[in-house]
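Secondary and tertiary structure notes
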Amino acid sequence: MPHIIVKKTFKIKPSGFQVAAEKSFSIHGSAVNASIVNAINQKLASLRLVGGAKPLVFQHDQHGHYSAQMNHEYQKYHEEDAVCAILDVMEILGWTFRFQYDSESSSAKVSGSSITSRELFIFSKMG
């Protein structure tokens, strides 16, 4: 039974009086292919965005996964819309949403500390 994981990552890096935050999605699993990613990208492209929200587009990255970065406006107004769009597409393509879980890790280094939260959506397909 093949599986696909859609991972949402939120990394916070405090630096003095400022906090840098990065939020992204990535898609993992040997069953991931261009047609699945294209279907997700098409659904995401159909969302009506507020001004300043950069469209969320999954692209093949240097680690061999498909990933997409969210800017602040997208995160603020459309993050949940993106999750719903991904869930809808995966169901249409015959993937069953199995479960979702959260994890958090932190790192303290001389160059600065960081906290990384991950939310994973697990999908499976029978046959």
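Heads up: these notes are all about the structure in this document. (Residues numbered from 1 in each chain as written. Predicted model: local features only at pLDDT ≥ 70, side-chain atom pairs only at ≥ 80, totals over all residues. Heavy atoms only, no water.)

**Regarding the overall build of the chain**
Tallying secondary structure elements over the chain gives two helices and six strands in all. Each helix and strand of the chain, ordered N terminal to C terminal, gives the series β-β-α-β-β-α-β-β. Its C-alpha atoms give the chain principal-axis dimensions of about 50 × 35 × 25 Å. In the chain, which comprises 127 residues, the share counted as buried stands at 32%. Long-range pairs, those at least 24 residues apart, make up 58% of the contacts in the chain with a sequence separation of at least 6. Summed over its atoms, the accessible surface of the chain is roughly 8,000 Å², and 52% of this surface lies on carbon and sulfur atoms. Charged side chains in the chain number 13 positive and 11 negative. The centres of these two groups are separated by 5 Å. (Helix = DSSP H or I, 4+ residues; strand = E, 2+ residues; numbered from the N terminus. Buried < 20%, exposed > 50% of the residue type's maximum accessible area, 1.4 Å probe, protein only. Contact = heavy atoms within 4.5 Å. Areas by Shrake-Rupley, 256 points an atom, 1.4 Å probe, with all protein chains shown as cover. Lys, Arg positive; Asp, Glu negative; His and termini not counted. Charge placed at Lys NZ, Arg CZ, Asp CG, Glu CD.)

**Observations regarding helix α1 (residues 34-45)**
The end-to-end C-alpha distance of α1 is 16 Å, a good match for the 16 Å that twelve residues give at a rise of 1.5 Å each. Restricting attention to buried positions, one finds in α1 the residues Ile-36, Val-37, Ile-40, Asn-41 and Leu-44. An end-on view of α1 places all buried positions within 130 degrees of arc, on one side of the element. In α1, the exposed positions angled more than 90 degrees off the buried face are occupied by Ser-35, Gln-42 and Ala-45. (Expected span 1.5 Å × (residues − 1). Arc of directions from axis to C-beta.)

**Observations concerning the environment of His-72**
Structurally, His-72 can be placed in helix α2 (residues 72-92). It is 25 Å that separates the C-alpha atoms of His-72 and Met-90, two residues lying 18 residues apart in sequence.

**Brief notes about the packing of aromatic side chains**
On inspection of all chains with the given rule, the structure shows three aromatic pairs. Counting every residue linked through ring pairs, the aromatic cluster contains Phe-97, Phe-121 and Phe-123. Here the guanidinium or amino end of Lys-23 rests over the ring plane of Phe-10, the centre of that ring lying 4.5 Å away. (Phe/Tyr/Trp six-rings, centres within 6.5 Å; stacked < 30°, edge-to-face > 60°. Lys NZ or Arg CZ within 6 Å of the ring centre and 35° of its normal.)

**Some thoughts on the packing of α1 against α2**
Across the interface, α1 lies against α2 with an axial gap of 9 Å and an inter-helix angle of 135 degrees. Compared by their axis directions, α1 and α2 come out oblique. For the element pair α1 and α2, the recorded crossing hand is right-handed. Every residue of α2 that contacts α1 at Ile-36, Ala-39, Ile-40, Lys-43 and Leu-44 is listed here: Tyr-74, Ala-82, Ala-85, Ile-86, Asp-88, Val-89 and Met-90. (Axes fitted to C-alpha atoms, helices over the stretch in contact; angles between N-to-C directions. Parallel < 35°, antiparallel > 145°, perpendicular 65-115°, else oblique. Left-handed = near helix turned anticlockwise from the far one by under 90°.)

**Comments concerning the side chain of Asn-41**
Here Asn-41 is to be found in helix α1. Given the relative accessible area of 15%, Asn-41 is considered buried. Once residues lying within four places of it in the same chain are set aside, the contact partners of Asn-41 are Leu-56, Val-57 and Phe-58.

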